[in-house]
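The lines below spell out each chain.
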Amino acid sequence: MKNNLTDMPAEEFRKSGYKLVDWIINYLNEIEKYPPLSQIKPGDIFSRIPKQPPQTGEEIERVLADVDKVLIDGITHWNHPGFMAYFNSTSSMPGILAELLSAAFNANGMLWKTSPAFTELEKAMINWFRQMVGLPENYWGIIYDTASTSSMHAIASAREQLNLEIREKGMAGRNDLPKLRLYCSEQAHSSIDKGSLTLGLGLEGIKKIPVNEKFEMIPEKLEQAIKEDIANGIKPFCVVATVGTTSTTSVDPVKQISEICKSYNLWLHIDAAYAGVTAMIPEMKWISDAWNDADSIVINPHKWMFTPMDLSIYFTRKPEILKRAFSLVPEYLKTQVDDEVENLMDYGIQLGRRFRSLKLWFIIRYFGIDGLVERIRKHIQLAKEFANWIDDEKDFERLAPVPFSTVCFRYNPGNRTEHEINKLNESLLEKINASGKIFLSHTKLNGKFTIRLTIGSIRHERRHIDGAWQLIKTIARSLN
């Protein structure tokens, strides 16, 4: 039984800390010995954990040992270079160090007073990142956890801008409140739907706009939908344009959408969660065309800037509306400097806030803009190369453009119905992921089962992409 009624002794922490850092280094250096996708069955990890908690304390060495004995088989390794599913979310060592420091500080940045360095570093890092992606000074920003949260706050701000007294009176049981409508493309992320659900708009409050052959929103269809809703007594209030859609990474025509939003006085929110970081690359500046007209923008450094989960940056030209929607200050949170400072709790639903900006501070300073640009540029180049391999292979078919680092494709050896080709590719994906070598994900495009390969890990090298291609071809041809 441990007799120390305070914390772990400093020397014990030091020794355990060294062991944990060594474990992390070895894990990252040897990560390719693990399958990127966990191969266990549901319940396997749960069955390894005792049914009751320990009555007396255990040595931390036993806990660390059980990471390997109990947990490691159930980890899907997002840091693995064979992880090419969804969007890569890989952590860099500077970011891991920042997480350690954040836990040590255990700061809650709800008020400026609760940790001045927290609030002011976040403000500085927002300013750095704003410059990196080329946004003007009139964009204010804040760090949330994920793009789902950021986009929800955008929709809430758009609703607040209507001045319908929803903050005061709510939406339920009001005969004076028109039906509200939000617009996004058929390819928009499901977080937009969830944000609408959370805010009481319902799924019927969303109108999905058709896309063209490149899976980009069709502006003419957007304006047509707006006009129809107005004619039917429905109140349009917000449009979400996506720069880097989840399925195909397509880019909606923001400039044209922006002009429509101006014409009808609608809030324009840009979801650039995945692709927004590429705006710091000179030859990729085209993606930020008309961004300056947006009311709000979300970009996630934890998706493609080697930042440990979670860190989502929300920019807006109208922070006063965001504050108006969410600021609520009980007596016990009032301070004498409230008129002089920004209290970040006023700009969202969260009161407690983690010290996420430390991760940006460490990562941007360690790699520099040039280092980040070169790594992201390399991923785009590798994706173009992989797309060319698909295009040059007669029994493979690319199903979408490749503006960034995600390639959508399928195996199509011919002489089969669409149903048979879909089943063939489902089987192909299952066998690829069961190989323990790489992990890919899928989507459906125009009814076609589509395999997605995403490049974006800080550990991705050309050999990993070449190895993935050889494995895909080998397994595909074994299915004939």
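This text follows the structure it describes.
Residues numbered from 1 in each chain as written. Predicted model: local features only at pLDDT ≥ 70, side-chain atom pairs only at ≥ 80, totals over all residues. Heavy atoms only, no water.

All right, on to the overall build of the protein then. In terms of helices and strands, the protein carries 15 helices and 11 strands. Taking 2.2 N^0.38 as the reference for a compact globule, 480 residues should give roughly 23 Å; the C-alpha atoms of the protein span a radius of gyration of 24 Å, in line with that estimate. Seen through its principal axes, the protein has C-alpha atoms that stretch 70 × 60 × 45 Å. A buried classification covers 51% of the 480 residues belonging to the protein. Sequence-distant contacts in the protein: of pairs separated by 6 or more residues, those separated by 24 or more amount to 73%. Of the roughly 22,900 Å² that the protein leaves accessible, carbon and sulfur atoms contribute 52%. (Helix = DSSP H or I, 4+ residues; strand = E, 2+ residues; numbered from the N terminus. Rg over C-alpha atoms; globule rule 2.2 N^0.38 Å. Buried < 20%, exposed > 50% of the residue type's maximum accessible area, 1.4 Å probe, protein only. Contact = heavy atoms within 4.5 Å. Areas by Shrake-Rupley, 256 points an atom, 1.4 Å probe, with all protein chains shown as cover.)

Tallied over the full model, the rule gives 25 aromatic pairs. For the ring pair Trp286 and Phe404, a centre distance of 6.1 Å and an interplane angle of 15° mean the geometry is stacked. Of this pair, Trp286 sits in the loop between β5 (267-271) and β6 (296-299) while Phe404 sits in the loop between β8 (396-398) and β9 (406-411), placing them 118 residues apart in sequence. Taking relative accessible area as the criterion, Phe404 reaches 0% and is therefore assigned buried. Feature note: the residues Phe386, Trp389, Phe396, Phe409, Tyr411 and Trp469 constitute an aromatic cluster, connected by ring pairs. Residue placement shows Arg452 over the ring face of Phe87; its charged tip is 5.3 Å from the ring centre. (Phe/Tyr/Trp six-rings, centres within 6.5 Å; stacked < 30°, edge-to-face > 60°. Lys NZ or Arg CZ within 6 Å of the ring centre and 35° of its normal.)

A few words on a nonpolar patch on the surface. Taken together, Val21, Ile25 and Met93 make up a surface patch of nonpolar side chains, about 220 Å² in accessible area. If you trace the backbone, Ile25 turns up in helix α1 (residues 10-29). (Patch = residues over 30% accessible without salt bridge, like charges linked within 9 Å, V, L, I, M, F, W, Y side chains within 5 Å. Salt bridge = Lys/Arg side-chain N within 4 Å of Asp/Glu carboxyl O.)

Turning to empty space enclosed by the protein, a few remarks are in order. Take a probe with the size of a water molecule and roll it over the atoms, and the empty space left behind shows itself. This structure, assessed with the given rule, holds 1 cavity of 30 Å³ or more. Approximately 40 Å³ is the volume found for the largest cavity. Looking at the largest cavity, the residues that line it are Ile142, Tyr144, Leu344, Tyr347, Gly348, Ile349, Gln350 and Arg353. Along the lines of polarity and charge, the residues of the lining of the largest cavity split into 5 nonpolar, 2 polar and 1 charged. (1 Å grid on protein atoms, 1.4 Å probe; cavity = no way out; pocket = protein on both sides within 12 Å on 5 of 7 lines; lining within 4 Å. Points joined across faces, edges and corners; volume = space filled by probe spheres on them. Nonpolar A, V, L, I, M, F, W, Y, C, P; charged D, E, K, R; others polar.)

Moving on, we get to the nonpolar core. In this structure, Trp291 and Met305 are the most contacted members of the largest nonpolar core, which totals 90 residues. For this core, the leading source of residues is helix α13 (residues 357-392), giving 9 residues. Beyond its immediate stretch of four places on either side in the chain, Trp291 contacts Val133, Leu135, Tyr139, Val243, Ile270, Ala272, Gly276, Ala279, Ile297 and Ile299. Among the nonpolar cores identified, the runner-up in size contains 28 residues, and Met84, Trp389, Leu428 and Ile472 belong to it. (Core = buried A, V, L, I, M, F, W, Y, C linked by side-chain atoms within 4.5 Å.)

Bringing helix α8 (residues 190-198) into the picture now. Buried residues of α8: Ser191, Ile192, Asp193, Gly195 and Ser196, and no others. The positive-phi residue at the C-terminal boundary of α8 is Gly200, with phi of around 85°.

Before going further, it helps to spend a moment on the pattern of salt bridges. In the structure shown here, the tally under the stated rule is 32 salt bridges. Between Arg353 and Glu122 there is a salt bridge; the shortest N-O distance is 3.0 Å. Highlighted residues: Arg353 in the loop between α12 (319-326) and α13 and Glu122 in helix α5 (residues 116-132), separated in sequence by 231 residues. We note a salt bridge from Arg410 to Glu418, for which the minimum N-O separation is 3.0 Å.

Turning next to unusual backbone geometry. In this structure, Asp310 follows Met309 across a cis peptide bond, with omega equal to 5°. Within the secondary structure, Asp310 is located in the loop between α11 (301-304) and β7 (312-316). Even without glycine at this site, Tyr86 takes up a positive phi of about 50°. Inspection of the secondary structure assignment puts Tyr86 in the loop between α3 (60-71) and α4 (93-105). Positive phi, normally seen in glycine, also occurs at Asn446, with a value near 50°. Position of Asn446 relative to the elements: it lies in the loop between β10 (441-445) and β11 (448-454). Taking the relative accessible area as the measure of exposure, Asn446 reaches 70% and is therefore exposed.

By relative accessible area, Asp310 is classed as buried at 17%. Separated by 3.3 Å, the side chains of Asp310 and Arg354 make a polar contact. With near-sequence residues (within four places) excluded, Asp310 lies in contact with Asp145, Thr146, His302, Arg354, Arg356 and Lys359. (Polar contact = N/O pair within 3.5 Å; in protein donor to acceptor, adjacent residues only side chain to side chain.)

This next bit is on the pairing of β7. Within β7, 5 of the 5 residues are buried, which leaves the element mostly enclosed by the surrounding structure. Of the two faces of β7, the one carrying Ser312, Tyr314 and Thr316 and the one carrying Ile313 and Phe315 are both buried. In the sheet, strand β1 (residues 140-144) pairs with β7 via 5 bridges, with the strands oriented antiparallel. When the sheet's bridge partners are listed, Trp140 is paired in β7 with Thr316. Bridge count between β6 and β7: 4 bridges; the pairing is antiparallel. (Pairing = 2+ DSSP bridges.)

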